[in-house]
Amino acid sequence: MSVETQKETLGFQTEVKQLLHLMIHSLYSNKEIFLRELISNASDAVDKLRFEALSKPELLEGGAELKIRVSFDKDANTVTLEDNGIGMSRDDAITHLGTIAKSGTADFMKNLSGDQKKDSHLIGQFGVGFYSAFIVADKVEVFSRRAGLDASEGVHWASKGEGEFEIATIDKADRGTRIVLHLKSGEDEFADGWRLRNIIKKYSDHIALPIELPKEQAAAEGEEKPAEEWETVNRASALWTRPRTEIKDEEYQEFYKHIGHDYENPLSWSHNKVEGKLEYSSLLYVPARAPFDLYQREAPKGLKLYVQRVFVMDQAESFLPLYLRFIKGVVDSNDLSLNVSREILQKDPIIDSMKSALTKRVLDMLEKLAKNEPEQYKGFWKNFGQVMKEGPAEDFANKEKIAGLLRFASTQGEEGEQVVSLAEYLARAKEGQDKIYYLTGETYAQVKNSPHLEVFRKKGIEVLLLTDRIDEWLMSYLNEFDGKSFVDVARGDLDLGNLDSEEEKKEAEEVAKAKEGLVERIKASLGDAVSEVRVSHRLTDSPAILAIGEQDLGMQMRQILEASGQKVPDSKPIFEFNPAHPLIEKLDGEQSEERFGDLSHILFDQAALAAGDSLKDPAAYVRRLNKLLVELSI
Ligand code: ADP
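No experiment lies behind these values; they were computed from the predicted model shown.

(A) View of the overall build of the chain. Scanning the chain from N- to C-terminus turns up 23 helices and 22 strands. Dimensions of the chain, computed from C-alpha atoms along their principal axes, come out at roughly 115 × 60 × 45 Å. For the chain, buried positions account for 50% of its 634 residues. When contacts within the chain are restricted to residue pairs at least 6 apart in sequence, those whose partners lie at least 24 apart make up 73%.

Set out below in structure tokens:
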């Protein structure tokens, strides 16, 4: 045991304490994953060393084979993992093993419900990592030394997982990290060669460097114990370099958990090797669940980049567009240089063509998933639909392909669920229908009951119901799908084209002519509040409705712009009325100008309310309405 100096006791960051508590109490049903997590870290540490050693070969300190060793001591009830990777300095250990650096962690922790079952799912999203050691151990010791530092600058970290850890400086001759798990009583099953071997085969076979266990020693009784020998128990070759046909689904899944820091299996993956002008392999995964920080700007995204099987960087963002930031995976290039940097990646034309090919791969994979596993795709859409909706604006070249992947709620879909594809919509469109109709709004209940849908209901025409904040913005980029243009049913002068018969059109014109006088009277009464007054052909049951001008901003866009502090141009709605409605007939016959004014204002305010808008002067509305009610009861 070496001498310890500068010994101190430090407290864990609050989030670490919460995470530890949760880990210990909610992951008990699958304890063995601790080994996978620690091996995964060791493998990352070796990757980092290999990369840094490209420019500083002295870091290899003589160049012993890079590997991970797992051993155990039945008597002491310990399991030990040792790697000769990059290692940690004293400061590294304090930060990496005492805090969680991920942005948004505090928010994430607030979401925990205390319900262990639910929380263990959440924690899967978060990634369990190093702290999973405390699932099986009641004391964890880490001995480490960062490559390149002096042997006297080793670090000893120890904790019982109860709020604090001890840290001291020690001598450590070999670079890398040794982790000693003092198993809890009752967890002694893990101090066993067969058990460890099986866990490694099950979860870590894909790890590209050798994982060694002590060879089973068949020493006969009374014989000298033979010198320690080790044997490799995993396959130890990079998974993506092997032919697809030889890789089992379980191997793909475990590899995903390693690179994706995820606890759950992925939904789908795509593994390819490209040869020709460019040479690279890629292995891309669609996760089953959105990470908690999907919408945080600084959240990690991007692929793991290897150059000729040497790890170069994590989170290489230049290989996929932002709207596919949830995709996890590896890309291994034969064309890039080993000292490629993020800046070079951003400019290199090789990367551009890889990016467009990888984007296509992902979109194809999603198309396949949608076609072959519609239930799984539903889950995908729930998690990532909002992000996919950023696609048409960002990726013009793939607009049509992305549009094909979109799913919407509709007047004919499942109640409020975003499940209708544009292809499905068009397949059941009415004869003669050459438009895709949609309505945007705040909530599903509001749009579903909107008076704007009355004529569509009457004619049995399907309308897409869009209530995500991003929808109006999305639609401003979509324009058309499969040659059919999109029409906002609340906008402009609704023209149903061939869906209206000649007779209906003629009748509408006649009614409009007959009601010219009423139009003028309402215009005079509502004055500045409206841009136009006209007879509606959208309504069957409601007396009146507000339409948005063809070029005006809708409510969602208005709110988004206002929230971002921009000045939004003023626009006034179009007031349309239903001449067949008894209230309108009454209005038409009203002699008193005062009453006519009150009633037309009430109809205007009601139409605004039905559209989910707020009233400019709610008190005036109440006053007018009450006045009428009083008159009624006399
Ligand atoms: P994550 O791996 O998701 O970053 P962990 O909690 O598993 O989170 O690990 C925290 C950090 O501790 C790692 O990012 C790494 O910097 C450091 N670390 C863990 N294990 C090792 C190891 N075997 N060698 C070197 N550094 C390590």
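Additional details are given in the paragraphs that follow.
(B) The layout of surface pockets, seen in detail. The volume enclosed by the second largest pocket comes to roughly 1000 Å³. Lining of the second largest pocket is provided by 43 residues; of these, Leu 546, Met 555, Pro 573, Asp 613 and Lys 616 occupy positions nearest its centre. Elements that contribute at least two residues to the lining of the second largest pocket include exactly strand 16 (435-440), helix 15 (444-448), strand 21 (544-547), helix 20 (555-563), helix 22 (593-610) and helix 23 (618-633). For the lining of the second largest pocket, the per-class residue count stands at 17 nonpolar, twelve polar and 14 charged.

(C) Region of the structure containing helix 18 (residues 502-514). Between its first and last C-alpha atoms helix 18 spans 19 Å; for 13 residues at 1.5 Å apiece the expected length is 18 Å, and the two agree. Of all 13 residues in helix 18, zero are buried; the element is thus mostly exposed.

(D) Structural context of the packing of aromatic side chains. Per the counting criterion, the structure on display carries 21 aromatic pairs. Feature note: the residues Phe 12, Phe 130, Tyr 131, Trp 157 and Phe 165 constitute an aromatic cluster, connected by ring pairs. Seen from the ring of Phe 143, Arg 178 lies directly overhead, with NZ or CZ sitting 4.7 Å from the centre. Over the ring of Phe 596 we find Arg 521, and its NZ or CZ is 4.0 Å from the ring centre.

(E) Structural view of the sheet that holds strand 8 (residues 211-214). The sheet built from nine strands is open, its strands ordered 1-6-5-4-7-3-2-8-9 with mixed pairing. Of all strands in the sheet, those bounded by a partner on one side alone are strand 1 (5-11) and strand 9 (230-232). Between one strand axis and the next, the sheet turns through 20° on average, direction left out of account. Two strands pair when backbone bridges link them, and strand 4 (residues 137-145) and strand 7 (residues 176-183) are joined in this way by eight bridges, in the antiparallel orientation.

(F) Structural view of the sheet that holds strand 17 (residues 464-466). The strand order across the open sheet formed by five strands is 15-17-16-19-18, and the pairing between neighbours is mixed. Edge positions in the open sheet fall to strand 15 (409-410) and strand 18 (480-481), since each of these has one partner strand only. Across two bridges, strand 15 lies against strand 17 in antiparallel orientation. Residue pairing across strands places Ser 410 opposite Leu 464, the latter belonging to strand 17.

(G) Representation of the site of the ligand in the model. Taken together, Asn 41, Ala 42, Ala 45, Asp 83, Met 88, His 96, Leu 97, Gly 129, Phe 130, Thr 177 and His 261 form the complete shell of residues around the ligand. In this structure, Asp 83 approaches the ligand through a side-chain N or O atom, which is 2.9 Å from a nitrogen atom. Broken down by element, the shell around the ligand gets its largest block of residues, three residues, from helix 2 (residues 33-55). For the shell around the ligand, a count of residues per class yields five nonpolar, five polar and one charged.

(H) Molecular detail of the nonpolar core. Within the largest apolar cluster, 75 residues are counted, with the highest numbers of intra-cluster contacts made by Leu 305, Phe 319, Phe 380, Met 388 and Tyr 437. Here this core gets nine residues from one element, more than from any other, and that element is helix 10 (residues 349-372). Setting aside chain neighbours within four positions, we find Leu 305 in contact with Val 310, Phe 311, Val 312, Met 313, Ala 316, Phe 319, Val 331, Leu 336, Val 340 and Leu 345. Membership of the second largest hydrophobic core comes to 61 residues, among which are Tyr 131, Ile 179, Leu 213 and Tyr 263.

(I) Structural detail: helix 23. When the terminal C-alpha atoms of helix 23 are compared, their 23 Å separation across 16 residues agrees well with the 22 Å that a helix rising 1.5 Å per residue should span. For helix 23, the complete set of buried residues consists of Ala 620, Tyr 621, Arg 624 and Leu 628. Buried residues of helix 23, seen end-on, are gathered within an arc of 110° and therefore sit on one face of the element. Helix 23 presents Ala 619, Arg 623, Val 630 and Ser 633 as exposed residues on the side facing more than 90 degrees away from its buried surface. Contact partners of the buried residues in helix 23: helix 22.

(J) Representation of the packing of helix 2 against helix 8 (residues 249-260). Remark: helix 2 packs on helix 8, axes separated minimally by 10 Å, with the N-to-C direction vectors making an angle of 65°. Considering how the two elements wind past one another, helix 2 and helix 8 form a crossing that is right-handed. For the pair helix 2 and helix 8, contact is made by Arg 36, Ser 40, Ser 43 and Asp 44 and by Glu 254, Lys 257 and His 258, respectively. The class makeup of the residues in the contact of helix 2 with helix 8 is no nonpolar, three polar and four charged.

(K) Seen up close, the environment of Asp 613. Tracing the backbone through its elements, the reader meets Asp 613 in the loop between helix 22 and helix 23. Once the C-alpha coordinates of Asp 613 and Glu 442 are considered, the two residues, 171 residues apart in sequence, prove to be 9.4 Å apart. Residue contacts for Asp 613: discarding those within four places in its chain leaves Met 555 and Ala 608.

(L) Highlighting a negative patch on the surface. A surface patch of like charges, here negative, comprises Glu 502, Glu 503, Glu 507, Glu 509 and Glu 510. Mapped onto the elements of the fold, Glu 510 is located in helix 18.

(M) Spatial organisation of the environment of Glu 576. Tracing the sequence through the fold places Glu 576 in strand 22 (residues 574-577). Spatially, the C-alpha atoms of Glu 576 and Gln 418 are 30 Å apart, while their sequence positions differ by 158 residues. Those residues within four positions of Glu 576 in sequence are excluded, and the remaining contacts are Gly 492, Arg 534, Ser 536, His 537, Arg 538, Leu 539, Pro 543, Ala 544, Ile 545 and Ala 547. At 2.9 Å, the side chain of Glu 576 and the side chain of Arg 534 are in polar contact.

(N) Structural context of the side chain of Arg 558. Within the fold, Arg 558 resides in helix 20. Buried within the structure, Arg 558 lacks any salt-bridge partner; Glu 562 is the closest side chain of opposite charge, at an N-O distance of 4.7 Å. A distance of 2.5 Å separates the side chain of Arg 558 from the side chain of Ser 571, its partner in a polar contact. With near-sequence residues (within four places) excluded, Arg 558 lies in contact with Leu 553, Val 568, Pro 569, Asp 570 and Ser 571.

(O) Focus on the packing of helix 10 against helix 11 (residues 374-388). Put simply, helix 10 and helix 11 touch, their axes get as near as 7 Å, and they point 140° apart. Accordingly, the angle class assigned to the pair helix 10 and helix 11 is oblique. For helix 10 against helix 11, the interelement crossing comes out left-handed. Note on element contacts: helix 11 touches helix 10 through Pro 374, Gln 376, Tyr 377, Phe 380 and Met 388, opposite Leu 363, Leu 366, Leu 369, Ala 370, Lys 371 and Asn 372.

(P) Here's a closer look at the pattern of salt bridges. Per the counting criterion, the structure on display carries 51 salt bridges. With a closest N to O distance of 2.6 Å, Arg 428 and Glu 462 form a salt bridge. Remark: Glu 462 occurs in the loop between helix 16 (454-459) and strand 17 and Arg 428 occurs in the loop between helix 14 (422-427) and strand 16; sequence separation between them is 34 residues. The class for Arg 428 is partly exposed, based on a relative accessible area of 34%. The class of Glu 462 is buried, set by a relative accessible area of 3%. Note that Asp 598 is salt-bridged to Lys 627, the shortest N-O span being 2.8 Å. You can see Asp 598 sitting in helix 22 and its partner Lys 627 sitting in helix 23, a full 29 residues away along the chain. A relative accessible area of 10% means that Asp 598 is categorised as buried. What makes Lys 627 partly exposed here is its relative accessible area of 32%. Through salt bridges that share partners, Lys 201, Asp 205, Arg 235, Arg 242 and Glu 251 make up one connected network.

What counts, and where the lines are drawn
In every chain, residue numbers begin from 1 and rise along the written sequence. Local features in this predicted model are restricted to residues of pLDDT 70 or higher, and side-chain atom pairs are both shown and tallied only at a pLDDT of 80 or more, whereas totals for entire chains, interfaces and linings draw on every residue. Computation of side-chain values covers all heavy atoms of the structure but excludes hydrogens and water. Numbering of helices and strands runs from the N terminus, with a helix taken as a DSSP run of H or I at least four residues long and a strand as a DSSP run of E at least two residues long. A 1.4 Å probe rolled over the protein chains alone gives each residue an accessible area, and that area as a share of the maximum for its type sets the label: buried under 20%, exposed over 50%, partly exposed in between. Only heavy atoms matter for contacts: two residues are in contact if any of them lie within 4.5 Å across the pair. Put plainly, a pocket is an open set of points on a 1 Å grid over the protein atoms alone with protein on both sides within 12 Å along at least five of seven lines, a cavity is a set where a 1.4 Å probe fits but cannot get out, and a lining residue has an atom within 4 Å of a point. Grid points are joined across faces, edges and corners, and a volume is the space filled by probe spheres set on the points. Under the scheme applied here, ten amino acids are nonpolar (Ala, Val, Leu, Ile, Met, Phe, Trp, Tyr, Cys and Pro), four are charged (Asp, Glu, Lys and Arg), and all others, including Gly, are polar. A helix is expected to span 1.5 Å for every residue after the first. When the centres of two rings from Phe, Tyr and Trp lie within 6.5 Å, Trp using its six-membered ring, the rings pair. Their planes under 30 degrees apart give stacked, over 60 give edge-to-face, and anything left gives tilted. Charges are assigned to positions over rings by a cutoff of 6 Å between ring centre and Lys NZ or Arg CZ, combined with an angular limit of 35 degrees from the ring normal. At least two DSSP bridges between two strands are needed for those strands to be called paired. Each axis is a line fitted through C-alpha atoms, taken for helices only over the stretch in contact, and angles between the N-to-C directions span 0 to 180 degrees. To be near a molecule or strand, a residue needs just one of its heavy atoms within 4 Å of it. Any N or O atom pair separated by 3.5 Å or less is treated as a polar contact, with the protein-specific requirement of one donor-capable and one acceptor-capable atom, and with residues adjacent in sequence counted only for side-chain atom pairs. The criterion is simple. A nonpolar core is a set of buried Ala, Val, Leu, Ile, Met, Phe, Trp, Tyr and Cys residues joined through side-chain atoms within 4.5 Å. Throughout, the arc means that of the directions going from the helix axis to the C-beta atoms. Left-handed describes a crossing whose near helix is turned anticlockwise from the far helix through less than a right angle; right-handed describes the clockwise counterpart. Like charges within 9 Å and nonpolar side chains (Val, Leu, Ile, Met, Phe, Trp, Tyr) within 5 Å are joined into patches, using only residues over 30% in relative accessible area that form no salt bridge. Computed by Shrake-Rupley with a 1.4 Å probe, the accessible areas treat only the displayed protein chains as cover when residues are assessed. What makes a salt bridge here is a side-chain nitrogen of Lys or Arg within 4 Å of a carboxyl oxygen of Asp or Glu, nothing more. Charged residues are defined here as Lys and Arg on the positive side and Asp and Glu on the negative side; His and the ends of the chain fall outside this count. Lys charges are placed at NZ, Arg charges at CZ, Asp charges at CG and Glu charges at CD. Angles are sorted into four bins: roughly parallel if under 35 degrees, roughly antiparallel if over 145, roughly perpendicular if 65 to 115, and oblique for all others.

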